[in-house]
Structure formats: C-alpha cells, structure tokens
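Working through the structure, step by step
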Amino acid sequence: MQARTIIATLSLLCATLPVAAQQSAEEKPKRDWGKLSGSVESAWGIYMKDSALGIDQLDQTYGTNTYVNLGYAIKGFRFGLQYDIFEKPMIGYDPMLEGNGLRGGFAAWSNSQWEVTLGTYVEQFGSGLILRAYDERDMGINTSLLGGNLHWRPASWLSTKFVVGKPRRFMSFADSWVYGADAELSLLELITPQSDAMLMVGGSWVLRNDVSEQHPAEYPAKMNSFSGRIDFSKGIFSFGSEYVHKGKGLRNDPRFTTDMGTGQALLLNAGFDLPGFGMSAVWRSIENMAWRQEDISTQSVSLNYIPALTKQHKYALCSLFPHKMNDFGGETGGQIDIFGEIPVGGHPRRPLSFAVNASMYKDMERSGSHYKFMGMGGDLSFAEASLELEKKWGPDWKTILVFAYQRQNEFSRYGFGEMRMNTEIVVADVLWQITNKTSLRAELQHAWSDSYDDQRWMMGLLELGIAPKWMVYVSDMCNYQSYGDNIHYFDAGVSYAYKFLRAGVSFGRYRAGEVCSGGICRYVPEHTGVNIKLSIIL
C-alpha cells in the first residue's frame, strides 16, 4: 500500500514546521508556533464463504477504506494533506476507488472578510441542487474540486463565493472544469438592522466545461446553470424556496432515447415551531437534473446533490426498501412532519412525545420530448406514513413505539419482475438505565409485506452501554416467511471510545440492499464477515 509514500509525505510536511526551543520563565513570551493536527480513519472488511448465502467462492477476501489526514494552522493560514487507501475497496463501494495515493491537499488564508483556498476543497451553493462538492466517506463519495476557492464578505449583510476547479472522480480527477459564483444578501439586515426577522436572497451560476476526448460533438460541452433562492424567518415561522435552471445539454434517460434538453428544479419548504408543537413541510419537483462531471463517461459522478426527501429511519426494518431518487427523468412530491408533546403520564417533565411523517413522490410524466414539470400524474414511486411515540416513564425507563406504512416499487430477486409492495412495520424500543453509567436497550421489530419475495420479517436487538467507553450489541434479522430460503442475518459487535480513540469490531451476515446516509444510497451485496473500524484524531 505504498507505506513508504505515506511516511515520506507526512515527514515532508513535518519537516517544514519550526521546532520551538525551550525557554525559561524569565525569557520573552513564547512564540506562536501554530498547531499541528492529524487523523486516521480506517475501516476493514474480512470476508468469508457462507453456504447459507450461496457464497462458495470469494471475489475478494478483504477490503479497506482508509484516510490519513495531516493539518497545520498558524494565525490566518491553514495547510492540509489527505492520503486515501482503498486496497481493495470494501464490499459495497465502487470498484473504481481501488488504489492509493495523495488525493487531497490545500493551502488557505483567511481574515474577517476574505478566505482564499488553493488545492482541493469542498463547497456548496444553496441547497446543493446546482452545486455540491463534498466528501461523504460512508457513501464512498468525494467530489471535491481541485483549483481555487474564494469567499468574500465585504459586509455582515453580504457574502460571496467563487470557485474554479476540476472535480474529483474516484482516485483521479475528471476531464472537465467547473466555474461558479454565488452571492447571498441579508436584505432586512441591510434595510432595517433592528428587525427581528430574517430575509435572505441568493443566487448562483455554474458552468461545466466537459473537455474529455469522448464527448460527442453534437452535444454542447459547455453547460450553464442558474439558480435563485429566498429564505424568510420570523419568530416561530420559516419559509424557503429555490429554483434551478440547467442549460441545454445531453439528456440521458434510460427509458427513452438519448437526446438534448434543459433541466429545472423547484424546492419549497415551510414550517413553524411552537413550545410543544411544530410542523415542517417540503415540496420538490425535479426535471432532468442529472448534472454529470462528464456527459458520456461511465465513471462520471454528479456535480450536484439531490437527496431523497423522506424520513431518515434509525430502525432496520423501516429501511429495508428506502426511496431512491433518480436524477434522470424526474419526480414530484414532498413530505410533512408534525411533532410535539402531550402532557400525559402524571409528570409534567415526562410528556408523551410524538412525531408524524408522511411523504409521497411520483415519477414525472413525459409527453414526446417534454416532461410535465410539477405534474403529479405519473406513476407512484414511493409513499410512506409513520407515527413515532416516545415516553420516559421515570429516571430509569424509556420506550419508543413506531408504526409505519410504506408503498414502493421493487424488482424481484426471483424473477417476478417489478413488484408494487405494501409494507407495514411495527417497532418497540425499550431503554433501561441500570445505573448512571450502565444501560440496556432492546429492540423488537416486525414487518408485513405483500412482496412476492419476502412476506414477513422479524428483528431483535440487545445493546449494553457502559458509559463513556464501551458498547456491546447483538442482533438477528430473519425473513421467516419467504419465497426463497429463510435466512438469519445475525450481527454482533463491540465498540470502545477513549479521548482521541474510537474503535469497533463486529461479525455478521448482511443482507443485500441499499445503505443510505443523508438521502443518498449505495447498494451493498449480501456477504458475511468481520468489520473493523478505527479512528484516531489528534
């Protein structure tokens, strides 16, 4: 894994740092030599054969995703390096990540008005619908830009951003350039500085220039996008909206022939938050917002961020079939959350907390060469309704009950084609605080489905926590009524935390499915093995 390269890289940076000589108390005040920081985040998978899963031969026996970071800051200056190691990538991560090397580095300077960065950096305009260069390690995504980034804040009511760079594509950088500018104005702060309301108005421009050799001549290599947004809040109320227009370029919807067209997106959100009661709602329509680094390359990844705007579940059976947002074509829909507290149970400090969520999304209809933007006449792609109740019964006990209904389409593993499934899930979560430092938590989950593949699921979990260092758990999930085999997906692990160290090891059998973080998902095939995680932050 080129260990010598890692050592040489770290030694080179350390060699540039001054070495402070010890001074006695009578000498001059100590000089500011800056601050050196570093971290290592490493995850390993060791994979095994498993006849229950039909895995008689292994394509890979191990994998690792490791990140080594080194930073140095002094006064207004910051420097950093990042070395990535994917030898091989762990199961469920794109094979194009395989390799290792120095893939990140920057030098930055900032003061009260300016921030300048040269090298690799992350950035986001607005909600990310038009541009998001980010590093999401759980998903194996890194679309950071290699180039220059400028932030200028000439006044408290005005901030601007400027970017230029080549986007990262796995372990290299794409054959394209990204240019952009963003401005945000706090209008009420400018007009009436004493106002207790906030009104932010912003706009963005992004140009992507595909300079790859394989780019087809009949489609424009340069594509412009523009966006405008507004956010307002006063007291308990808030409202926001953003509109994005993507310029004409290659449109690749696998359901139709490849052609040329524009794209657009509209995002609306509103909410209020009272003591003990609140609501938030979001509505979004997406048309042809696939915004690729390169139009043709199969290795190309997105320049923007379009997450699935549905409830982010923390329970396994509620996440069996998450909503997956396809940026080709489009969809229209939204979700609403209602949350609050009801004073029941005889103790004013232990109310019954509730959270209601409902969401629905439909595919965007297409007539000829045009999509019906903001239309709701397409096929249903996902719908969900859920209720979560949480109650603390005393200093030692807390319970959570979840009731959820989901409706979505899924392709059968056994050749039944596309299934429109209805699934009902019930979850009971009980926490017992045994002592100030010791707790025991138990989960019991059950799912009913009219899927042709798996009709019944059950899961149980026990988790012992010994604060602040230890956590031990064991779980089992089984499709006990299924067209295929009934398989126990067991998992057991232990984690340890102490100061700058985080470590964990687990062993289990894992089902195939989508793993999601922040509304972005990646597919993980079923496998059995040991997972090891280590994090050191200095």
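These figures come from a predicted structure and were not determined experimentally.

1. Notes on the overall build of the protein
Broken down by element type, the protein carries 2 helices and 33 strands. Taken over C-alpha atoms, the radius of gyration comes to 26 Å for the protein, in line with the 24 Å a tight globule of 538 residues would show. Summarising its shape, the C-alpha atoms of the protein cover approximately 70 × 70 × 60 Å along the three principal directions. Each of the 538 residues in the protein was classed as buried or not, and the buried ones make up 43%. Across the protein, contacts joining residues at least 24 apart in sequence account for 55% of those joining residues at least 6 apart. Across the protein, the centroid of the 51 positively charged side chains sits 5 Å from that of the 57 negatively charged ones.

2. Concerning the environment of L118
Mapped onto the fold, L118 is located in strand 5 (residues 114-121). On a C-alpha basis, the gap between L118 and L150 in space is 8.9 Å, while along the polypeptide they are 32 residues apart. Residue contacts for L118: discarding those within four places in its chain leaves G105, F106, A107, G147 and G148.

3. Regarding the state of the cysteines
Counted according to the given criterion, the structure contains 1 disulfide. In this model C516 forms its disulfide with C521; the gap between the sulfur atoms is 2.0 Å. Across the S-S bond of C516 and C521 the torsion is about 95°, and the bridge reads as right-handed. Overall, the relative accessible area of 33% leaves C516 in the partly exposed class. Between C318, a free cysteine, and C516, which holds the nearest cysteine sulfur, the sulfur-to-sulfur gap is 13 Å.

4. Thoughts on the confidence of the model for the protein
Chain-level statistics for the protein give a pLDDT mean of 90 and a share of 94% at 70 or above. Per-element mean pLDDT across the protein ranges from 40 in helix 1 (residues 3-15) up to 98 in strand 5. Low pLDDT, under 50, characterises residues 1-26; the predicted model gives this stretch 28 contacts beyond four residues in sequence or across chains.

5. A short note on the pairing of strand 30 (residues 501-510)
The sheet contact formed by strand 29 (residues 488-498) and strand 30 spans 8 bridges and is antiparallel. When the bridges of strand 30 are listed, A497 appears paired with R502. Remark: 2 residues form the turn of the hairpin made by strand 29 and strand 30, two consecutive strands paired antiparallel; K499 in that turn has positive phi of roughly 55°. Both strand 30 and strand 33 (residues 527-537) contribute to a ladder of 10 bridges, which runs antiparallel. Counted as the bridge partner of G504 is K533 from strand 33.

6. Points about the side chain of N209
Relative to the helices and strands, N209 resides in strand 14 (residues 198-210). Using a relative accessible area of 16% as the deciding quantity, one classes N209 as buried. N209 has contacts with D175, S176, W177, A221 and K222, leaving out every residue within four places of it along the chain.

7. Side note on the pattern of salt bridges
For the coordinates displayed, the defined rule picks out 20 salt bridges. We note a salt bridge from K398 to E390, for which the minimum N-O separation is 3.7 Å. For E390, a relative accessible area of 27% puts it in the partly exposed group. A salt bridge links E443 to R441, with the nearest nitrogen and oxygen atoms 2.6 Å apart. When sorted by exposure, E443 lands in the same class as R441, which is buried. Salt bridges sharing common partners tie together D429, R441, E443 and E463.

8. Some thoughts on the nonpolar core
In summary, soluble globular proteins display a tendency toward joint burial of nonpolar side chains. Core analysis: the largest hydrophobic core is formed by 24 residues, its most contacted members being L129, L131, V206 and I286. Every element with two or more residues in this core is listed here: strand 7 (131-133), strand 17 (259-274) and strand 18 (277-287). Within the second largest apolar cluster, 21 residues are counted, among which are F321, I425, L461 and Y489.

9. Some points on the packing of aromatic side chains
All told, the structure shown has 13 aromatic pairs when counted by the stated rule. Look at Y72 and F79: their rings are 6.5 Å apart centre to centre, the planes differ by 15°, and that puts the pair in the stacked class. Among the aromatic residues, those joined into a ring-pair cluster are Y414, F416, Y452 and Y483. Its guanidinium or amino end placed over the ring of Y305, R132 lies 4.1 Å from that ring's centre, counting from NZ or CZ. Against the face of Y67 rests R137, its NZ or CZ located 4.3 Å from the ring centre.

10. Let's talk about the environment of D429
Summarising the element assignment, D429 is placed in strand 25 (residues 418-433). Residue classification places D429 among the buried positions, given a relative accessible area of 5%. For D429 and Y315, which are 114 residues apart along the polypeptide, the C-alpha to C-alpha distance reads 9.6 Å. Excluding residues that lie within four positions of it along the chain, D429 makes contacts with Y315, K398, T399, I400, R441, A442 and E443.

Procedures and definitions
- Residues numbered from 1 in each chain as written.
- Predicted model: local features only at pLDDT ≥ 70, side-chain atom pairs only at ≥ 80, totals over all residues.
- Heavy atoms only, no water.
- Helix = DSSP H or I, 4+ residues; strand = E, 2+ residues; numbered from the N terminus.
- Rg over C-alpha atoms; globule rule 2.2 N^0.38 Å.
- Buried < 20%, exposed > 50% of the residue type's maximum accessible area, 1.4 Å probe, protein only.
- Contact = heavy atoms within 4.5 Å.
- Lys, Arg positive; Asp, Glu negative; His and termini not counted.
- Charge placed at Lys NZ, Arg CZ, Asp CG, Glu CD.
- Disulfide = S-S within 2.5 Å.
- pLDDT = per-residue confidence, 0-100.
- Pairing = 2+ DSSP bridges.
- Salt bridge = Lys/Arg side-chain N within 4 Å of Asp/Glu carboxyl O.
- Core = buried A, V, L, I, M, F, W, Y, C linked by side-chain atoms within 4.5 Å.
- Phe/Tyr/Trp six-rings, centres within 6.5 Å; stacked < 30°, edge-to-face > 60°.
- Lys NZ or Arg CZ within 6 Å of the ring centre and 35° of its normal.

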